[in-house]
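# Fold and contact review
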Amino acid sequence: APQAPASSAAPPAAAAHAAALLLRQRRFPQAEALLRAALARQPDDAGLHNLLGLVLKNTGRIPEALAALATAATLDPHSDAPPVNQANIHLARHDGAAAAAILVRLLHHAPDNAEYHRMMGAAQRHLGATEAALRHYAQARALNPAAPRHWTEPAVLLEHAARVDEALALLAQGAQANPADA
């Protein structure tokens, strides 16, 4: 099988690209080894820490993943990638409070980001705040009506809240807004 660049010879940019490829191929041990070797040479590279966080998340090592992402966020406080990845981990764990704390900051800097509103809707859903979740999903739809998740996630929330007629109406609106997805 082809090998990733030798960790001792790969510059950080090459290591990052190789690690991202290995991550996409789900070759997590190789990606982690490559990233750790690159970080030994360049410990202040936020991108490498962010990728390491993703690799660790995919191997189920959540505390280590969150630590790597926190390091990335500290090293590059202007990048949205580490906090978005942290929020995604918290959402996957159904920790709405931790996700919402991150998303409040992201939305403060990017209030017109539809994906951040969708994620905040999910965080609010995990917190049991149905109406707040629906408001964020509505904002996500207003900003990007073509994204199917902006319609389907609130419909599932409405269904779980025994508001089936509202869920069906919302899905019908989504079908009208996106006839190719209907």
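Throughout, a residue's number is its position along its own chain's written sequence, starting from 1. Only residues with pLDDT of 70 or above have their local features reported here, since the model is predicted, and side-chain atom pairs are shown and tallied only from 80 upward, although totals for entire chains, interfaces and linings are computed over all residues. Side-chain metrics rest on all non-hydrogen atoms present in the structure, leaving aside hydrogens and water.

Here we take up a nonpolar patch on the surface. A surface patch of nonpolar side chains, amounting to about 260 Å² of accessible area, comprises Val164, Leu168 and Leu171. Within the fold, leucine 168 resides in helix 10 (residues 164–177). Only protein chains enter the calculation, and the probe is 1.4 Å; a residue is then buried if its accessible area is under 20% of its type maximum, exposed if over 50%, and partly exposed in between. By relative accessible area, leucine 168 is classed as exposed at 53%. Surface patches are defined over residues having more than 30% relative accessible area and no salt bridge, joining like charges when they lie within 9 Å and nonpolar side chains (Val, Leu, Ile, Met, Phe, Trp, Tyr) when within 5 Å. Computed with the Shrake-Rupley method and a 1.4 Å probe, the accessible areas treat only the protein chains shown as cover for residues. The term salt bridge refers to a side-chain nitrogen of Lys or Arg lying within 4 Å of a carboxyl oxygen of Asp or Glu. Strands are runs of DSSP state E lasting at least two residues, helices are runs of H or I lasting at least four, and both sets are numbered from the N terminus onward.

What follows deals with the layout of surface pockets. The calculated volume of the largest pocket comes to roughly 200 Å³. Where the lining of the largest pocket is concerned, the elements lending two or more residues are helix 5 (81–92) and helix 6 (96–109). Residue contributions to the lining of the largest pocket peak at four residues, all from helix 6. Amino acids outside the nonpolar list (Ala, Val, Leu, Ile, Met, Phe, Trp, Tyr, Cys, Pro) and the charged list (Asp, Glu, Lys, Arg) are all regarded as polar, and Gly is one of them. Considered class by class, the residues forming the lining of the largest pocket number five nonpolar, four polar and three charged. Definitions used for this entry: grid spacing 1 Å over protein atoms alone; cavity, a set of points where a 1.4 Å probe fits but cannot get out; pocket, an open set with protein on both sides within 12 Å along at least 5 of 7 lines; lining residue, one with an atom within 4 Å of a point. Grid points are joined across faces, edges and corners, and a volume is the space filled by probe spheres set on the points.

All right, on to helix 8 (residues 130–143) then. Its 14 residues give helix 8 an end-to-end C-alpha distance of 20 Å, which sits within 8% of 20 Å, the value for a rise of 1.5 Å per residue. For helix 8, the complete set of buried residues consists of Ala132, Ala133, Leu134, His136, Tyr137, Ala140 and Arg141. In this analysis, two residues are considered to be in contact whenever any of their non-hydrogen atoms come within 4.5 Å of each other. Here the buried face of helix 8 lies against helix 6, helix 7 (114–126), helix 9 (149–160) and helix 10. Take the number of residues in a helix, subtract one, and multiply by 1.5 Å to get its expected span.

Take tryptophan 151: it is sitting in helix 9. By relative accessible area, which is 9% here, tryptophan 151 ends up buried. For the pair tryptophan 151 and glycine 53, spaced 98 residues apart in sequence, the C-alpha to C-alpha distance is 30 Å. Discounting chain neighbours no more than four positions away, the residues touching tryptophan 151 are Arg141, Pro145, Leu170, Leu171, Gln173, Gly174, Ala177 and Asn178.

Nothing here speaks to function; it is geometry throughout.
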